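# Structural features, examined
Next come the chains, spelled out residue by residue.
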Amino acid sequence: MRISFIAVLLFLSVFHVSKFAFASTTIKVDGSTGVKPLIASLAEKYQEKSLAAINFGDGLNPKDRIVALKRNDIDIAMASHGIDVQALTDAGYVVHLIAKVAVVIGVNESVMIDNLSEQELCGIYNGSIRNWQNISASHANAPISPFIRPFNEVDTEVLVKHIGCFSQIKIEPSIKIKKKSGHMAKALATTNASIGMTTLIRVAQSKQRIKALSLNGIAPSSANVSNGHYPLSRDLFLITKETPSSSVKQFLNFIKSSEGAKIIQSNHAAPAN
């Protein structure tokens, strides 16, 4: 009996040590804050099935995220623009296309319209349209509170590329700039009568405090992104070293699995083929 008891203690000790060692595996992720909400949702589900911890940084620009990856400060870089796939491949990195998501005109839940034309959108941002009543006579008197991302950020770049009047617009100087995707989402969720550019993922995760407007009568659904009917979209990438760690490989395999695809779809994004 004594030998058996000691054997049990030894087993439990070894099990505890090995479990602790496995649990200490950490995957460090940083980069585009616009990609973060989807990867964080995937990470949350993955960590329910794995003892590996996934830690996210506060955001890195395109140059700094690759430097951090090279220095092993992070294991995965998130990106959505500024990607030269061939140059990254030549430098010993792998670019993984994860999903495609609609870039949307998001408004606070208090806004009682569902659609904007391109001309109305440009009118809001050049200052010629200042009240939601100017767009819909049935809307209550509500001065518009517009926000914008910097012009070198992907959400605004997408609008400039696909909306003709937006590419030539002179932005009303009083419009507030939100430098990060998360800052924009928070502003839209908490500011009455507000409007800004964000992603359908941010809308899906806003608990109905943000809604996405149709543009020229076309809804920004993941289906309309996939079939090309809705023109505003951004690709979501993960970048790793050519030979990532086994824990990173397992996480990537989960993201690319059928279960990962369901999570991507539940966030209103279209999984990469």
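Up top is the structure these notes are about.
The structure contained in this document is the topic of the report that follows. (Residues numbered from 1 in each chain as written. Predicted model: local features only at pLDDT ≥ 70, side-chain atom pairs only at ≥ 80, totals over all residues. Heavy atoms only, no water.)

Before going further, it helps to examine the side chain of Ser 136. Turning to its location among the elements, Ser 136 is positioned in the loop between helix H5 (118-126) and strand S6 (145-148). Within the local environment of Ser 136, its side chain forms a polar contact with the side chain of Ser 138, the two groups lying 2.9 Å apart. (Helix = DSSP H or I, 4+ residues; strand = E, 2+ residues; numbered from the N terminus. Polar contact = N/O pair within 3.5 Å; in protein donor to acceptor, adjacent residues only side chain to side chain.)

Before going further, it helps to examine the side chain of Ser 247. With respect to the helices, strands and loops of the structure, Ser 247 is situated in helix H11 (residues 246-255). A polar contact is formed between the side chain of Ser 247 and the side chain of Ser 245, at a distance of 3.0 Å. The residues touching Ser 247, leaving out its near neighbours within four places in the chain, are Thr 25, Ile 27 and Tyr 46. (Contact = heavy atoms within 4.5 Å.)

The interhelical angle for the contact between helix H2 (residues 36-49) and helix H12 (residues 258-266), taken along N-to-C directions, is 140 degrees, at an axis separation of 10 Å. As the angle between them shows, H2 and H12 are arranged oblique. Crossing of H2 over H12 shows right-handed handedness. Of the residues in H12, those in contact with Leu 38, Ser 41, Leu 42, Lys 45 and Lys 49 of H2 are Glu 259, Gly 260, Ile 263 and Ile 264. Counted by class, the contact of H2 with H12 contains four nonpolar, two polar and three charged residues. (Axes fitted to C-alpha atoms, helices over the stretch in contact; angles between N-to-C directions. Parallel < 35°, antiparallel > 145°, perpendicular 65-115°, else oblique. Left-handed = near helix turned anticlockwise from the far one by under 90°. Nonpolar A, V, L, I, M, F, W, Y, C, P; charged D, E, K, R; others polar.)

Further remarks concern the packing of aromatic side chains. Under the criterion given, the structure shown has four aromatic pairs. Relative to Phe 254, the ring of Tyr 46 lies with its centre 5.2 Å away and its plane at 50 degrees, an arrangement referred to as tilted. Residue Tyr 46 is located in helix H2, and its partner Phe 254 is located in helix H11; the two are separated by 208 residues in the primary sequence. Phe 254 shares its class with Tyr 46; the two are buried. Three or more aromatic residues joined by ring pairs form one cluster here, namely Tyr 46, Phe 251 and Phe 254. (Phe/Tyr/Trp six-rings, centres within 6.5 Å; stacked < 30°, edge-to-face > 60°. Buried < 20%, exposed > 50% of the residue type's maximum accessible area, 1.4 Å probe, protein only.)

Attention now moves to the nonpolar core. Ranked by internal contacts, the top residues of the largest apolar core, which has 67 residues, are Leu 116, Tyr 125, Trp 132, Phe 166 and Ile 195. Counting residues per element, this core draws most heavily on strand S4 (residues 93-108), at eight residues. When sequence neighbours within four positions are dropped, the list of residues in contact with Tyr 125 reads Pro 146, Phe 147, Ile 148, Phe 166, Ile 169, Lys 170, Ile 171, Glu 172, Ile 175, Ile 195, Gly 196 and Met 197. With 11 residues, the next largest nonpolar core counts Ile 66, Leu 69, Leu 88 and Ile 239 among its residues. (Core = buried A, V, L, I, M, F, W, Y, C linked by side-chain atoms within 4.5 Å.)

Before going further, it helps to examine the pairing of strand S1 (residues 26-31). As judged from the four bridges shared by S1 and strand S2 (residues 53-56), these two strands associate in the parallel manner. The residue bridging Val 29 from the neighbouring strand is Phe 56, located in S2. In this sheet, strand S3 (residues 76-79) lies alongside S1 in parallel orientation, the contact comprising three bridges. Opposite Val 29, over in S3, you have Ile 76 as the bridge partner. (Pairing = 2+ DSSP bridges.)

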